[in-house]
Amino acid sequence: MGFVRLLVIFFLWKGVLVAPKDYTLTAPWNVTAQEGLCVLIPCQFTYEHTGEAAVTSRGYWFVQQYRENKAVASNDERKDIFEEARGRFKLVGDVRRRDCSLSISDVRRWDGRNYYFKYEHNDYTTTEYSYIHYIVPVTVVVLQDTPEISLPDQVIEGEIVTVECTAPGRCSGTAPEITWSPDPEFKYNQSSYNTYNLDGTRTYTSTITFRAAMEHNNKRLSCTAYFPAVKKYTTSSVSLTVEHMKSPNWLLLVIIGGVVLAGLSLLAWLMISKGRRSMNETSIDTTVHSTYQELQGRQQDIYCELMRDRN
């Protein structure tokens, strides 16, 4: 995004075109906004005044093609505001600190215009500056961004799964409505929340929670964000991959005199202590039987325990 580093406001003085170096404005060359979302236009300006601006500093954003009888945003409560812009266009910058940043929420087609900034302050006399030689063009395009769906790294049969859907845009305007459209096999619980961001905007998220089953494998989950202020919606879909529940792997540790002698693969628990054997499963492989017979013949204390292999 290009920026103009120096904007000079020209004016006539004694018939000569003068370019005062004290009047500058920094802002994007152009701005593209999507219908239904929000946009923040950063803006900084300077003017011929030393020190901090007066308490009565006022700022105005105007549409280029109209006269200055109506603004789209201002910190002057007396100023008439376009009905189409009221409540959506906000001068969020502190003009006393030379910040003319403008935000637009619930973007709609009407907003696709050229804008300029005007500054006014009152110390002992009222001084006004219209930055009409620098225009900020706003282009409005159709809603293109889609919701972001977040899935766990693994979805395993029998486990509780939570899936998140976050609506596009970080906005301060009308909240979007988020809905899910899963296949009929899904039985889920849904909840929603929004996050406050440092810049005053909000992020809107919806979650669904369900117990994964193999019948969910390759099924689609769709999430739709509807923006009621402009009656626009956008949808994302994902396909679930459900993995079978893994059979547990067991490891038999044979310990004699504090030394691990062997690690044997097993399908059941085995406990051997001084010639006594205790089992809670009947399926024990041939290797374990032969190992047990060998260990029984020894004269040392023997301790064998079957442990779950976590790998």
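For the structure, check the block above.
Residues numbered from 1 in each chain as written. Predicted model: local features only at pLDDT ≥ 70, side-chain atom pairs only at ≥ 80, totals over all residues. Heavy atoms only, no water.

Q: Kindly report on unusual backbone geometry, identifying the contributing residues and their values.
A: Most peptide bonds take the trans configuration, and most residues that are not glycine carry a negative phi. With phi around 65°, Asn218 is a residue other than glycine that occupies positive phi space. Looking at the element boundaries, Asn218 is found in the loop between β19 (202-211) and β20 (220-227). Although it is not a glycine, Lys231 adopts a positive phi angle of roughly 55°. In this fold, Lys231 is placed in the loop between β20 and β21 (232-239). (Helix = DSSP H or I, 4+ residues; strand = E, 2+ residues; numbered from the N terminus.)

Q: Can you tell me about the state of the cysteines, naming the residues and giving the values?
A: Enumeration over the complete set of coordinates arrives at 3 disulfides. The disulfide partner of Cys38 is Cys171, and the S-S distance across this bridge is 2.5 Å. Across the S-S bond of Cys38 and Cys171 the torsion is about 135°, and the bridge reads as right-handed. Placement of Cys38 in the loop between β4 (31-34) and β5 (39-41) and of Cys171 in the loop between β16 (160-166) and β17 (177-180) is noted, with a sequence separation of 133 residues between them. The class for Cys171 is buried, based on a relative accessible area of 7%. (Disulfide = S-S within 2.5 Å. Buried < 20%, exposed > 50% of the residue type's maximum accessible area, 1.4 Å probe, protein only.)

Q: Which residues make up the nonpolar core, and what values do they have?
A: Counting residues in each nonpolar core, the largest one holds 33 residues, and the members touching the most others are Leu25, Phe45, Trp61, Val72, Phe89 and Phe117. Of all the elements in the fold, those that place two or more residues in this core are β4, β5, β7 (58-63), β9 (89-91), β10 (102-104), β11 (114-122) and β13 (136-141). In this structure, Phe89 is in contact with Val72, Ala73, Leu102, Ser103, Ile104, Trp110, Asp111 and Tyr115, ignoring residues within four places of it in sequence. Counting residues in each nonpolar core, the second largest holds 23 residues, with Ala167, Phe186, Phe227 and Val238 among its members. (Core = buried A, V, L, I, M, F, W, Y, C linked by side-chain atoms within 4.5 Å. Contact = heavy atoms within 4.5 Å.)

Q: Describe in detail the packing of aromatic side chains, supporting the description with residues and values.
A: The relative placement of two aromatic rings is captured by the distance of their centres and the angle of their planes. Inspection of every chain in the model, using the stated rule, returns 15 aromatic pairs. Look at Phe45 and Tyr119: their rings are 4.9 Å apart centre to centre, the planes differ by 45°, and that puts the pair in the tilted class. Taken as a pair, Phe45 in strand β6 (residues 44-46) and Tyr119 in strand β11 lie far apart in primary sequence, 74 residues in all. Take Tyr119: its relative accessible area is 0%, and that puts it in the buried class. Their ring planes at 55° and their centres at 5.8 Å tell us that Phe82 and Trp110 sit as a pair that is tilted. Of this pair, Phe82 sits in the loop between β8 (73-74) and β9 while Trp110 is found in the loop between β10 and β11, placing the two residues 28 residues apart along the sequence. Given a relative accessible area of 11%, Phe82 falls into the buried group. Feature note: the residues Tyr23, Phe45, Tyr47, Trp61, Phe117, Tyr119, Tyr129 and Tyr131 constitute an aromatic cluster, connected by ring pairs. Directly above the ring of Tyr60 sits Lys79, whose terminal nitrogen or CZ lies 5.9 Å from the centroid. Across the ring face of Trp110, the terminal group of Arg113 is positioned such that the distance to the ring centre comes to 4.4 Å. (Phe/Tyr/Trp six-rings, centres within 6.5 Å; stacked < 30°, edge-to-face > 60°. Lys NZ or Arg CZ within 6 Å of the ring centre and 35° of its normal.)

Q: Just give me the short version of the pattern of salt bridges, but keep the residues and values in it.
A: Considering all chains together, one arrives at 10 salt bridges under this definition. The closest approach of N and O atoms between Glu68 and Lys118, which form a salt bridge, is 3.0 Å. A residue pair is termed long-range when its members are at least 10 positions apart, and Glu68 in the loop between β7 and β8 and Lys118 in strand β11 qualify at 50 residues. Here the residues in one salt-bridge network are Arg58, Asp76, Arg78 and Glu120, joined through shared partners. (Salt bridge = Lys/Arg side-chain N within 4 Å of Asp/Glu carboxyl O.)

Q: Pulling in residues and values, what's your account of the sheet that holds strand β18 (residues 189-196)?
A: In spatial order, the strands read β14-β16-β19-β18; together these 4 strands make up an open sheet with antiparallel pairing. A single partner strand is all that each edge strand has here, and the edge strands are β14 (148-150) and β18. Each neighbouring strand pair of the sheet contributes to a mean axis angle of 20°, computed without reference to strand direction. Both β16 and β19 contribute to a ladder of 7 bridges, which runs antiparallel. Among the inter-strand pairings, Thr162 is bridged to a residue of β19, identified as Thr209. (Pairing = 2+ DSSP bridges. Axes fitted to C-alpha atoms, helices over the stretch in contact; angles between N-to-C directions.)

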